[in-house]
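Chain and residue survey
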Amino acid sequence: MKKSDLFSMAIQNLRNRKTRTRLTVIGVVIGTCAIVIMVSIGIGIDKTITSQYESDSALCAIEVHGINTEKTGGKEIPFDDAAVEYFKSIDNVKFVSPTLQVSEYVSIGRGKYFFGWGNIKAIDFDTMQEIGYSLTEGSFDNLDKRNSLLFGKQSITDFSDSQGKQPKFKYDENYEIIESEIDIMNDIFSIAPKIISSSYDDYGNSISPQTGNTKKIKAAGILKADNSVDYETSYSIYIDLELAKELMRESQKLSNLPSSKFQYSEINVYVDNMQNVKAVKEQLQDNGFYCYSSDDEIEYTKKIMRIVQLVLGGIGAISMFVAAFGISNTMVMSVMERTKEIGIMKVLGCDIKDIKAIFLYEAGTIGLLGGTIGIIISYILSIAANAVARLVASSMNIGDMGITICVSSIPLWLAAAGILFSVMIGVIAGLSPAKRSVKVSALTAIHNE
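For clarity, every value in this text was computed on a predicted model and none was experimentally measured.

**Here's the deal with the overall build of the protein**
When its secondary structure is counted, the protein shows twelve helices and 15 strands. In the protein, which comprises 449 residues, the proportion classed as buried is 46%.

Dropping the structure here:
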């Protein structure tokens, strides 16, 4: 028989037993949905977790934190401008952005309030847009680096007076500041070098510091919170690197401290392409620098998620194996009901392989129908689940954190694998009944009927 004839005969036989076929197909649909949805949840969680690294700047960044003396044989390598120049000379490095933590040396105030609890960070303003920083208010255009501050959106909560009292402010239902005694974009602030010994009381608590020459300065913008760029953005104030160095020199002089070369808190190295990150990072580590890049965490996350997907897929597979028993039971009943038909085919000289193939085609067709319907339903459930999750995330402002919410994702390979697996399970479940069909004696079958 031709394969098309076998397939047509299988379809017709299934149509003749509609109720039983439908019930068996439903079992396969449930099994397919269980496997596909379970695996898609694992894939969706993987996408959600890794989405915070999706910006090119984050994936191409290497954070260099300091010197690994074990690699340098105990030799201290200056973590200063010389290190910055060395990093720039490495192949495939696009640009380098050093950072200074200057809260100890710099005082920022507004009236009776001073910024004492948060971080004051110094960075080259020219590189901020390329790194991935963005503003909710203000603009990077025509930024006066020596006379500008960039505020985190929650940074005013870290101002206090000499008694430790915060300025008045109000939150809305989304934990956004809507009213404040300090108007970031319109108020005039002051900036000055600190006398370091005067910044803390006998118990180590921050107090209103004594400072050197104070100058007026204004906010040029409010930074958007984005953990993929800088997890400290919301509660920090940023000043330009060159201005910070001047203030640090004045602070050291006022505090009677010896002048020394600036040691950067952190140096971020940005590579031209994410494929080159690993090679550049290994070169830095071989030369004695502590490094971190997002690909470390992404790779670890992907390993964990592969295990999660296998576990979830295994749970879903249990339903499919239960469906396999249903297919096998249906085919066994079909063989018992069609003994006369099998006997006639044998008497007419029908090839035993064709008789066996008819039942395998029927079992495979049940798997194909159940798998296809199961994939369609899985897609519908996946779309609905993601829509609900995004609505919930939107109400909680999770999207503002730069994270894409995805609770279920069904790529094409998973849909194809789901259908193929269903067909395979159907064929395997039909093997035993198919073998049983060829063992039916033609004369006995006709005589019994």
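Past the structure itself, the notes keep going.
**Comments concerning the pairing of strand β14 (residues 266–271)**
Where burial is concerned, most of β14 is hidden: five out of the six residues are buried. Note: strand β1 (residues 61–67) against β14, four bridges, orientation antiparallel. Residue pairing for β14: Ala-61 is matched across the bridge by Tyr-270. Bridge count between strand β2 (residues 93–101) and β14: six bridges; the pairing is antiparallel. Bridge pairing links Ser-97 to Asn-268 in β14.

**Here's the deal with the side chain of Asp-158**
One can find Asp-158 in the loop between β7 (148–152) and β8 (159–160). One buried charged residue, Asp-158, forms no salt bridge at all, with the nearest opposite charge on Lys-194 at 12 Å. Apart from residues no more than four positions distant in its own chain, Asp-158 is found in contact with Phe-114, Phe-115, Gly-116, Trp-117, Gly-118 and Tyr-235.

**Looking at a nonpolar patch on the surface**
On the surface, Tyr-300, Ile-304, Ile-307, Val-311 and Ile-315 cluster together into a nonpolar patch covering about 490 Å² of accessible area. Tracing the sequence through the fold places Val-311 in helix α8 (residues 294–337). By relative accessible area, which is 49% here, Val-311 ends up partly exposed.

**Here we look at the nonpolar core**
Phe-87, Ile-239 and Leu-284 are the most contacted members of the largest nonpolar core, which totals 48 residues. Residues within four places of Ile-239 in sequence aside, it is in contact with Val-102, Ile-108, Ile-120, Lys-121, Ala-122, Ile-123, Phe-125, Leu-149, Ile-191, Ala-244 and Leu-247. Ranked by size, the runner-up nonpolar core spans 33 residues in total, among them Ala-357, Leu-360, Ala-363 and Ile-410.

**Details of empty space enclosed by the protein**
One pass over the full model with this rule turns up two cavities of 30 Å³ or more. Taken as a whole, the largest cavity holds about 60 Å³ of empty space. Around the largest cavity sit ten residues that line it, and Leu-14, Arg-17, Thr-330, Ser-334 and Glu-362 are the ones nearest its centre. Every element with two or more residues in the lining of the largest cavity is listed here: α1 (3–16), α2 (18–50) and α8. It is α8 that provides the largest number of residues to the lining of the largest cavity, a total of three residues. Looking at the lining of the largest cavity residue by residue, the class counts come to two nonpolar, four polar and four charged. Considered as a void within the structure, the second largest cavity measures approximately 30 Å³ in volume. Of the residues assigned to the lining of the second largest cavity, the class counts are two nonpolar, three polar and two charged.

Rules of the game
Residues numbered from 1 in each chain as written. Predicted model: local features only at pLDDT ≥ 70, side-chain atom pairs only at ≥ 80, totals over all residues. Heavy atoms only, no water. Helix = DSSP H or I, 4+ residues; strand = E, 2+ residues; numbered from the N terminus. Buried < 20%, exposed > 50% of the residue type's maximum accessible area, 1.4 Å probe, protein only. Pairing = 2+ DSSP bridges. Lys, Arg positive; Asp, Glu negative; His and termini not counted. Salt bridge = Lys/Arg side-chain N within 4 Å of Asp/Glu carboxyl O. Contact = heavy atoms within 4.5 Å. Patch = residues over 30% accessible without salt bridge, like charges linked within 9 Å, V, L, I, M, F, W, Y side chains within 5 Å. Areas by Shrake-Rupley, 256 points an atom, 1.4 Å probe, with all protein chains shown as cover. Core = buried A, V, L, I, M, F, W, Y, C linked by side-chain atoms within 4.5 Å. 1 Å grid on protein atoms, 1.4 Å probe; cavity = no way out; pocket = protein on both sides within 12 Å on 5 of 7 lines; lining within 4 Å. Points joined across faces, edges and corners; volume = space filled by probe spheres on them. Nonpolar A, V, L, I, M, F, W, Y, C, P; charged D, E, K, R; others polar.

Nothing here speaks to function; it is geometry throughout.
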